[in-house]
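# Structure at a glance
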Amino acid sequence: MSLTDQQIERYSRNIVLEELGPEGQERIRAGKVLIIGAGGLGSPAALYLAAAGIGALGIVDSDRVELNNLQRQILHNISSLGQEKTLSAAQRIRLINPDVEVRMWQVKFSAENALELVRDFDFVIDGSDNFATKFLVNDACVMAGKPFSHAGVLGFKAQALTVIPGRDDSPCLRCVLPEIPSQDETPTCAQSGVLGPVAGTLGTIQATEAIKVLTRVGEPLLGRLLHLDALAMKFQTVELKRDPACPVCSAKPQITSLEKQAYE
Amino acid sequence: MPGEKFLDLAGTACPMNFVRIKIAMSKLPPGAVIRVRLDGGAVADDVKRTLVEQNYEVLSLEQEGEFAIIFVKKV
């Protein structure tokens, strides 16, 4: 499928890159990325992927836009307060790039729908804000063989890891944390603070990783947990290895299906 | 206590209850004490923990039925 003159103009800054070129842009155009959570991480991820010319973006979020979201969730704005986040996201994405096909699921990503949701996509971005969902994304993507970006933010600190299931050099989340850390249902006061641009930084990194994996360029964060301490403005990477006894990605996994109660 | 400031945050969830305490404290001189009514149980414990983490002095916390009364001092 050839690019129109307008698309060549629009994506010129991608195409001129040696690592991308017209072939890379075509891979982006053919790419379909699912974003779990249209919040602090999902917002910049969606915006940059739309800008880059991704073929399709799936947005999964069950919430409505609240005032305190606007401190960091840059997909949304005052005109979408009270609106379903998926709709708010779709509207903004279309304004940036109407070429992008936007699919919306105004639902909670759950054990019941996870496998079906990830099935039609090439890459998944975990933009969720709780451990249970992060582990669900991990497990579903490993089971479905879908590459994904894990990320988390708290305060001024954040981390990211990319996983391509099936690769020897790509540990999943459970290779590092076999069990979901216990967490109360409502975040504690201390856990609800997050600096907007720190979330923005990581969500942007997630979009970059998605593009790299789709276009097969560079070195994604496979087996490397990227950690940012934004107060010190220091990035560190921690080397991780696949666990041969991993409950979900090993040769003999204990987790072979998604059970609702495991993620509550 | 005469002149003591009282903040009624019953029904206010985290983190807004904590945020309101911080804002009230920011307008007071060091040594000032405020009395705060919060939702009881885990909510009050959580607020207390966060106050201590952020260097406020919690003089007392008393659970009273569905609420809690906390005395906080600005250090």
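Residues numbered from 1 in each chain as written. Chains lettered and ligands numbered in written order. Predicted model: local features only at pLDDT ≥ 70, side-chain atom pairs only at ≥ 80, totals over all residues.

What follows deals with the interface of chain A and chain B. Contact residues are listed per partner, giving five residues for chain A and seven residues for chain B. Its residues assigned to classes, the side of chain A that touches chain B shows two nonpolar, three polar and no charged. (Contact = placed C-beta atoms within 7 Å. Nonpolar A, V, L, I, M, F, W, Y, C, P; charged D, E, K, R; others polar.)

Residues and elements named next belong to chain A. One finds Val33, Ile35, Ala46, Leu49, Leu57 and Val124 to be the most contacted residues of the largest nonpolar core, which totals 64 residues. Among the elements that line this core, the one with the most residues is helix 9 (residues 196-215), at nine residues. For leucine 57, the contacting residues outside a window of four places in its chain are Val33, Ile35, Ala46, Leu49, Ala50, Ile93, Val100 and Val102. (Core = buried A, V, L, I, M, F, W, Y, C linked by C-beta atoms within 7 Å. Buried ≥ 20, exposed ≤ 12 C-beta atoms within 10 Å, placed from the backbone. Helix = DSSP H or I, 4+ residues; strand = E, 2+ residues; numbered from the N terminus.)

In this section: the sheet that holds strand 4 (residues 67-73) of chain B. Pairing between the strands of a sheet is mediated by backbone hydrogen bonds and can be parallel or antiparallel. Residues and elements named next belong to chain B. Taken in spatial order, the four strands of this open sheet run 1-2-4-3, and their pairing is mixed. Only two strands of the sheet have a single neighbouring strand rather than two, namely strand 1 (5-9) and strand 3 (57-64). Neighbouring strand axes in the sheet, compared pairwise and without regard to direction, differ in orientation by 15° on average. In this sheet, strand 4 lies alongside strand 3 in antiparallel orientation, the contact comprising seven bridges. (Pairing = 2+ DSSP bridges. Axes fitted to C-alpha atoms, helices over the stretch in contact; angles between N-to-C directions.)

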